[in-house]
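Results of the structural survey
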Amino acid sequence: MASISKAEKAYIQSSLQSDPPLRADGRGLIDFRTIGLESGIAPIANGSARVSIGRNAQDGGGGTEVVAAAKLEVESIGDGEGADGGRVVCSVSCSPTAYPLLSPNALDDLQHDMTSVLNATLSHPTIRPKNLGILPGMKSWLLNLDVIVFSDAGNIFDAIFMAARAALWDTKVPRTKSVQYRAKKSDRSDATQAMDMDMDETAHVGSALDTRQTIQVADFELPDYWDEGELLDGRQTWPVCLTLNLLPTLHFLDATLQEEASVPLKLLVFYSFPSDVTPLLRGMRLLGTGVSDLVQAKSLLKDGEKYARNVWVALEGKLKDEDLRRTQKARERFLNR
């Protein structure tokens, strides 16, 4: 987060509003800096990705860098916060080196704000993956999506959502197989060996009036290793974020830190583009001290949909290229053993 003087702010605003608009790095108003993406970077995670925006091509330094990792764990549905069918929980952490001028309390507030935006969007029940359930009413998968901001050179929310979508794209859910244990009332010794549970002493006494059902305990096993399984459902539902930086007469994309400090208002829009339906607006946020009216908001949403589609198409193409790269790399590693 940059701190600039009033003179610098006025200079940046006047440059952006000139004809033609001028930016310090020579980009147009709707041009992005170079975006880098790499998936599968965390071996112990079920899915992971790294996204960088504006990194220096010569030395690999500078720019915005975000890493996201998804980890699955089993939770019981009736004992706590577990939901039938599974759930997604997101969190964002910021490295102190990314915001060296912020106090610990201010950094905690920033992390909370970022977590609130990400979790409210990705944990919504309407986009919950359909393959997070294990045993209906008993067990389900909890998907923890952890995002770490290592450096911030502007446009942090776009980078966070790109990394989150890439990590979810890379996530594999282990296949599960239901197992049932039956305890026969006529054979107490077999029942105690089959199940580790307390049983009523009178349950094994034969009686013509005994109408109790045969005890059944359901559990599951994993046919796959922890890094195998099926792809996480709902690849077409995870949204991308598009940040519109607003000035009185225009808007622009992918702002640097200095440009962000010079604009009074930012609009975040979250879009997904399923192949079989119209584009879906998953949410929107206004950040800053400026104001916007309804007419301007409608126009911005229309423009935001167009820009978000371009980001979506480019990101999906890169993710598919990453899948091919990793498949080829795995095949070569297998052949060279």
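Refer to the structure presented above.
Let me begin by describing the structure that accompanies this report. (Residues numbered from 1 in each chain as written. Predicted model: local features only at pLDDT ≥ 70, side-chain atom pairs only at ≥ 80, totals over all residues. Heavy atoms only, no water.)

With that settled, consider the overall build of the protein. The secondary structure content of the protein amounts to six helices and 14 strands. Carbon together with sulfur atoms contributes 53% to the accessible area of the protein, which is approximately 18500 Å² in total. (Helix = DSSP H or I, 4+ residues; strand = E, 2+ residues; numbered from the N terminus. Areas by Shrake-Rupley, 256 points an atom, 1.4 Å probe, with all protein chains shown as cover.)

This next bit is on the sheet that holds strand 14 (residues 280-288). Within a sheet, each strand pairs with its neighbour through backbone hydrogen bonds, oriented either parallel or antiparallel. Spatially, four strands are ordered 12-11-13-14 in an open sheet, and the strand pairing comes out antiparallel. Two strands in the sheet have a free side with no partner beyond their single neighbour: strand 12 (250-252) and strand 14. Across the sheet, the axes of successive neighbouring strands diverge by a mean angle of 25°, strand direction being ignored. With three bridges connecting them, strand 11 (residues 240-247) and strand 12 associate as antiparallel partners. (Pairing = 2+ DSSP bridges. Axes fitted to C-alpha atoms, helices over the stretch in contact; angles between N-to-C directions.)

On to the side chain of glutamate 65, then. Looking at the element boundaries, glutamate 65 is found in strand 3 (residues 64-76). Taking relative accessible area as the criterion, glutamate 65 reaches 15% and is therefore assigned buried. For glutamate 65, the side chain forms a polar contact with the side chain of arginine 55, separated by 2.6 Å. Among residues more than four places away in sequence, those in contact with glutamate 65 are Arg50, Val51, Ser52, Arg55, Ile148, Val149, Phe150 and Ser151. (Buried < 20%, exposed > 50% of the residue type's maximum accessible area, 1.4 Å probe, protein only. Polar contact = N/O pair within 3.5 Å; in protein donor to acceptor, adjacent residues only side chain to side chain. Contact = heavy atoms within 4.5 Å.)

Along helix 1 (residues 6-16), the residues that are buried comprise Ile12, Ser15 and Leu16. Viewed along the axis of helix 1, the buried residues span an arc of 100°, placing them on a single side of the element. Facing away from the buried surface of helix 1 by more than 90 degrees, the exposed residues are Lys6 and Ala7. Elements that come into contact with the buried residues of helix 1 comprise strand 11, strand 12 and helix 5 (257-262). (Arc of directions from axis to C-beta.)

Judged by nonpolar contacts, the single largest core of 65 residues is most densely connected at Tyr99, Met114, Leu118, Leu122, Leu145, Val149 and Ile160. By residue number, the principal contributor to this core is helix 3 (residues 156-170), which donates 12 residues. With residues near it in sequence (within four places) discarded, methionine 114 still touches Val92, Cys94, Tyr99, Val149, Ile156, Phe157 and Ile160. Within the second largest apolar cluster, eight residues are counted, among which are Leu16, Leu247, Ala255 and Val263. (Core = buried A, V, L, I, M, F, W, Y, C linked by side-chain atoms within 4.5 Å.)

Right, let's get into the packing of aromatic side chains. Inspection of every chain in the model, using the stated rule, returns three aromatic pairs. Look at tyrosine 271 and phenylalanine 273: their rings are 5.9 Å apart centre to centre, the planes differ by 20°, and that puts the pair in the stacked class. On the basis of relative accessible area, tyrosine 271 is assigned to the buried category, the value being 5%. Among the aromatic residues, those joined into a cluster by ring pairs are Tyr271, Phe273 and Trp312. Taking the ring centre of tryptophan 312 as reference, the NZ or CZ of arginine 165 above it sits at 3.8 Å. One cation-aromatic arrangement involves arginine 235 over tryptophan 169; the distance from NZ or CZ to the ring centre is 3.9 Å. (Phe/Tyr/Trp six-rings, centres within 6.5 Å; stacked < 30°, edge-to-face > 60°. Lys NZ or Arg CZ within 6 Å of the ring centre and 35° of its normal.)

On to the pattern of salt bridges. Pairs can form between side chains of opposite charge once their charged atoms are near each other. Enumeration according to the criterion identifies 13 salt bridges in this entry. One salt bridge connects glutamate 259 with arginine 23, and the closest N-O pair in it is separated by 2.8 Å. One end of the pair, glutamate 259, is in helix 5; the other, arginine 23, is in the loop between helix 1 and strand 1 (35-39), and 236 residues separate them in sequence. Neither glutamate 259 nor arginine 23 differs from the other in exposure class; each is buried. In this structure, lysine 266 engages glutamate 260 in a salt bridge whose closest nitrogen and oxygen atoms are separated by 3.9 Å. There is no split in this pair, since lysine 266 and glutamate 260 are both buried. One continuous salt-bridge network, built from bridges that share partners, spans Asp25, Arg27, Arg33 and Asp254. (Salt bridge = Lys/Arg side-chain N within 4 Å of Asp/Glu carboxyl O.)

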